Each structure stands twice: as structure tokens, then as C-alpha cells.
Amino acid sequence: CFEQMQSEGLSPNVVTLICTLKACGSIGAIERGKQIHEDIVGRCLLEKDTVIGNALVDMYVKCGALTKAQEVLEDLPLRTMVGWSALIAGHVQIGQCHEALNCFEKMQSEGFCLDVVTFICVLMACGDTGAVAKGKKIHLEIVGSGLLNTDIVLGNSLVDMYSKCGVLAEAREALEELLVRDVVSWNALISGYAQQGKAYEALNCFECMHIEGLVPNEVTFLCAMTACSHVGLRGEAEMLLGNMTKMYGIVPSVDHHTCMVAVYGSSGQFEKVMSVIEVIPSY
């Protein structure tokens, strides 16, 4: 439609260009996006409209051209939180967490107040890089903003950040301070304990979650069973596998069966290992 519109001699306005940039980002059409970028610069639109500047940054981010996206953002006469947030999220999505944290610092230096989405992305970056000190500073900012009282996803991201950084006491404290907890909150903490081989603590969380009336999902069982496999808690792992099917109607996946293979293998029960392997579904 954009091409047909141009072939009829009509000049796109700002709304047209923003929509077309979104289309370019959605299908990765970076070369067409660059052509539109040139048109925008030639018409001096970036000096008048922050929305089109943000759309341009977002297009480059979605096309995976993050260096270009940052160049565009830093060249904008007026930068906004939306542009910085798009760039930070893009870095996190492809695992460039150090770069995301660098962008976060630049964004803060310009005096922007963060929104929930940006906080979540930065917490993910802290968790993936083990930047617990920075994560704690962000925690304080979140508490001061009051956002923690209204957004459960943000609270879960906080628990997940501490768990991935291996500071499980802080993760547990963060979880217990949440006004509302859900299965994702507990899964983050149970996963943290599993990663450090603290099976009894993971099982304690599983029980606390049950007491709160929350229904475990397949991820909960996988994390708890993984914790059991690290320390050879065969009976507990077998009970979890049984309860998962009988009490909650969850069909064990390949990952659940693989946990049981690890449990039986660590205790030398190779007949049991083979019996589990035989029932693993093939896809």
C-alpha cells in the first residue's frame, strides 16, 4: 500500500511513516527502513516529532541492528523514555545484557523516570550478568516508585533477579514482601534453590506455595524435581512425579523424565533408568 501510495504521487505524512516503520520492523525489512530513514532526515521530521524518532529506533531494534538503533537514538534532538526502553529491551532480548545496563545508566543520567517495562528488562539484565549490587539499587528505586504494590510481574522479576544472582536469602525476602504472590513468584525461588542444589529449601518452598493455596504447574514440578536430582532424593522425586499426574493432571514432559533418569542414575539404579527411558515420549 505504501508503494502504491507513492506511485500515485502522494507524499506520506508522519503517521504513514510511523506505520510503515512498524511494518519494516515486524518483517525485518531493514533496507526499506533505511530508505524511509533517509526520507525522514531529508524532511527534517526528527527535529519536530519525538514519536517518529522512537519509531525509527524501534524499527532498527526489531531488525536486530542495535548499534544503528543506538546511533539514531543518541542523534535525536529530543530523546524520550520510550526510545531508551526499546533499545534496552532489544539488548536484553538477544542476550547483550552488559550493553543493556550501559544504556540504562545513560538513560538515568538524562533524568528519565523508569516505567515498569524498563525496570523488568533491567532486572533481567542484572540477573543474567550476576550484577546483584546494581539489582539492589534498582530494587530500592522500585520500592520508592510504589510500582511494586501494583504490578505482580515486576515483583516476580525482582525475585527472579535475586535467584539468578544466587543470593537466595534476598530472593526469599523479596518474595515474602510481595503483597500478591503467584505460581511464577514461587517458581523463580524454587528454581534458584534447585540451581544451587538446595533440595530441602526448594521442597519447603513447594510446601509453602501449597499452603497459600497456589496450584503448581509443570515448571514448579520440574524445578523441584531438578533440585531432588542434584542430591539424590529419589523418594521425594518419585512422589513429585506421581503427584503431578494423579493430583494435578499434568502429563510429564521429556524434561520431567530426564530428571528421573538423573535421579536413578546417580544411585546406580540402571534398570529404573531404562524403564524411564522406555516411557519417554518421542516427538
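Here, every reference points to the structure presented above.
A. Fine view of the side chain of Asn-54. Looking at where Asn-54 falls in the secondary structure, it is placed in helix H4 (residues 50–62). Within the local environment of Asn-54, its side chain forms a polar contact with the side chain of Thr-80, the two groups lying 2.9 Å apart. When neighbours within four sequence positions are excluded, Asn-54 is seen to be in contact with Thr-80, Val-82 and Gly-83.

B. Quick peek at helix H3 (residues 30–42). For H3, with 13 residues, the first-to-last C-alpha span of 18 Å sits near the 18 Å given by 1.5 Å per residue. Every buried residue of H3 is listed here: Gly-33, Ile-36, His-37 and Ile-40. Each buried residue of H3 sits inside an arc of 110° when the element is viewed along its axis, so together they form one side. In H3, the exposed residues that point more than 90 degrees away from the buried face are Glu-31, Glu-38 and Gly-42. Against the buried residues of H3 lie helix H1 (2–7), helix H2 (14–27), H4 and helix H5 (66–75).

C. Structural view of the pattern of salt bridges. Counting across every chain of the model gives 14 salt bridges. A salt bridge links Asp-39 to Arg-43, with the shortest nitrogen-to-oxygen separation between them at 3.5 Å. On the basis of relative accessibility, which here comes to 27%, the residue Asp-39 falls in the partly exposed class. Across the pair Glu-176 and Arg-172 runs a salt bridge whose closest N-O atoms are separated by 3.2 Å. Pair noted here: Glu-176 and Arg-172 are both in helix H11 (residues 168–177), with a separation of four residues, about one helical turn. One salt-bridge network, held together by shared partners, links Asp-128, Asp-160 and Lys-164.

D. Spotlight on the packing of aromatic side chains. Within this structure, the stated rule accounts for two aromatic pairs. Between the aromatic rings of Phe-221 and Tyr-248, the centroid separation amounts to 5.6 Å while the plane-to-plane angle is 55°, which identifies the pairing as tilted. Of the two residues, Phe-221 is situated in helix H14 (residues 218–231) and Tyr-248 in the loop between helix H15 (234–246) and helix H16 (254–266); the sequence distance between them amounts to 27 residues. Of the residues examined, Phe-221 reaches a relative accessible area of 0% and is grouped as buried. Ring-pair connections join several aromatic residues into one group, and the members of that group are Phe-206, Phe-221 and Tyr-248.

E. Structural view of the packing of H5 against helix H6 (residues 81–93). Here H5 crosses H6 at 165°, and the two axes come no closer than 10 Å. Taken as axis vectors, H5 and H6 run roughly antiparallel relative to one another. In this structure, H5 crosses over H6, and the sense of that crossing is left-handed. Across the interface between the two elements, Leu-66, Ala-69, Gln-70, Leu-73 and Glu-74 from H5 touch Gly-83, Trp-84, Leu-87, Gly-90 and His-91 from H6. Per-class residue counts for the contact of H5 with H6 are five nonpolar, four polar and one charged.

F. Region of the structure containing the environment of Val-167. In this structure, Val-167 sits in the loop between helix H10 (152–164) and H11. Separated by 130 residues in sequence, Val-167 and His-37 have C-alpha atoms that sit 45 Å apart. In this view, Val-167 contacts Val-132 and Tyr-162; residues no more than four positions away in its chain are not counted.

Definitions and cut-offs
- Residues numbered from 1 in each chain as written.
- Predicted model: local features only at pLDDT ≥ 70, side-chain atom pairs only at ≥ 80, totals over all residues.
- Heavy atoms only, no water.
- Helix = DSSP H or I, 4+ residues; strand = E, 2+ residues; numbered from the N terminus.
- Polar contact = N/O pair within 3.5 Å; in protein donor to acceptor, adjacent residues only side chain to side chain.
- Contact = heavy atoms within 4.5 Å.
- Expected span 1.5 Å × (residues − 1).
- Buried < 20%, exposed > 50% of the residue type's maximum accessible area, 1.4 Å probe, protein only.
- Arc of directions from axis to C-beta.
- Salt bridge = Lys/Arg side-chain N within 4 Å of Asp/Glu carboxyl O.
- Phe/Tyr/Trp six-rings, centres within 6.5 Å; stacked < 30°, edge-to-face > 60°.
- Axes fitted to C-alpha atoms, helices over the stretch in contact; angles between N-to-C directions.
- Parallel < 35°, antiparallel > 145°, perpendicular 65-115°, else oblique.
- Left-handed = near helix turned anticlockwise from the far one by under 90°.
- Nonpolar A, V, L, I, M, F, W, Y, C, P; charged D, E, K, R; others polar.

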